[in-house]
Amino acid sequence: MNSNYKVGDLVYDADIYDGMNTNMNDLQFYKRWLPKNKDSHILELCCGTGRLTLPIAKDGYNITGVDYTSSMLNQAKTRASEEGLDIEFIEADMRTLDVSEKFDLIFIPFNSIHHLYKNEDLFSTFNVVKNHLKKEGIFILDCFNPNMQFIVKGEKEQKEIANYTTNDGRHILIKEIMRYEAKTQINRVEWHYYINGKFNSIQNLDMRLFFPQELDSYLKWNGFKIIHKFGNFEEDAFDNQSDKQIFICQ
Ligand SMILES: C[S@@+](CC[C@H](N)C(=O)[O-])C[C@H]1O[C@@H](n2cnc3c(N)ncnc32)[C@H](O)[C@@H]1O
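Residues numbered from 1 in each chain as written. Predicted model: local features only at pLDDT ≥ 70, side-chain atom pairs only at ≥ 80, totals over all residues.

This part covers the pairing of strand S1 (residues 41-45). The buried fraction of S1 amounts to 4 of the 5 residues, a majority that puts the element mostly inside the structure. Bridging between S1 and strand S2 (residues 62-67) involves 5 bridges; their strand directions are parallel. Directly across from Leu45, in S2, lies its bridge partner Val66. Regarding the hand of the β-α-β motif, the stretch spanning S1, helix H3 (residues 53-58) and S2 is right-handed. Across 3 bridges, the pairing between S1 and strand S4 (residues 103-108) is parallel. When the sheet's bridge partners are listed, Ile42 is paired in S4 with Leu105. (Buried ≥ 20, exposed ≤ 12 C-beta atoms within 10 Å, placed from the backbone. Helix = DSSP H or I, 4+ residues; strand = E, 2+ residues; numbered from the N terminus. Pairing = 2+ DSSP bridges. Right-handed = clockwise from strand over helix to strand, strands pointing away.)

Another point: the sheet that holds S2. With respect to topology, 7 strands assemble into an open sheet ordered S3-S2-S1-S4-S5-S12-S11, the strand pairing being mixed. Since the sheet does not close on itself, it has two edges, and those belong to strand S3 (88-91) and strand S11 (226-230), each with one partner. Across the sheet, the axes of successive neighbouring strands diverge by a mean angle of 15°, strand direction being ignored. The strands touched by helix H4 (residues 70-82) are S2 and S3; relative to S3, the strand with the most contacts, the crossing angle is about 170°. (Axes fitted to C-alpha atoms, helices over the stretch in contact; angles between N-to-C directions. Contact = placed C-beta atoms within 7 Å.)

Okay, the domain arrangement of the protein chain next. When the domains of the protein chain are assigned, the result is domain 1 (14-145 + 210-249) and domain 2 (148-207). Just the C-alpha atoms count here: the centres of domain 1 and domain 2 sit 24 Å apart. At the interface, 7 residues of domain 1 touch 9 residues of domain 2. (Domains from an automatic or database assignment.)

Encoded structure:
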């Protein structure tokens, strides 16, 4: 497996990302799990352009956002300063983050753990979380529940998944095709970008899949107690039909 793999630049081009990701159905869920005490300190790993970070800060919380893609983080910083929000953003890899503070809540939202391709990447991240979580602190993460029917369909034909205009005026059309690699459990997703009506490039969006029993065990073996496992942001219990795996851990 290519361990130097990187998600294609256009996938995390901040304006293209923001134009595509306007659905906020996870925000209310994360807000419900914020500590009651507004003096609590929150850490968001993989904060991207601040889609969740900014509204949480606006509610009066002290939140730190970490991401390793500078274009995403720059967008987050610009938006925070435009809105007069004082948020600490740190450009760092969540696998190796080391800050002197401990947090009441740490979360990794929006399927971001699918970018941890090897078990060592996941376990290093869990270690970082443990090192930065207060004793009674809460750790939340959400990711997909692997759906083989979806993948088999997605391998058969290219399908259009986005068609919109960005804030900086580019018309974006994205077509998706995928190929599941059983050995590494990576869904090799390709996004074919057409910008302003012309083919631009093929960008990789590899997604390491985590099967339900596997992820439950990894969390437990790494010292986390699973308090709840939900199957959607409405907090229904995880079951056979669930699209998501959402963990509340201590
Ligand atoms: C799906 S986006 C989520 C962004 C944001 N949390 C949101 O909800 O819109 C995933 C983000 O994870 C970041 N990321 C992926 N692997 C990372 C790592 N090892 N360390 C830090 N950031 C990482 C990417 O740069 C990207 O901004």
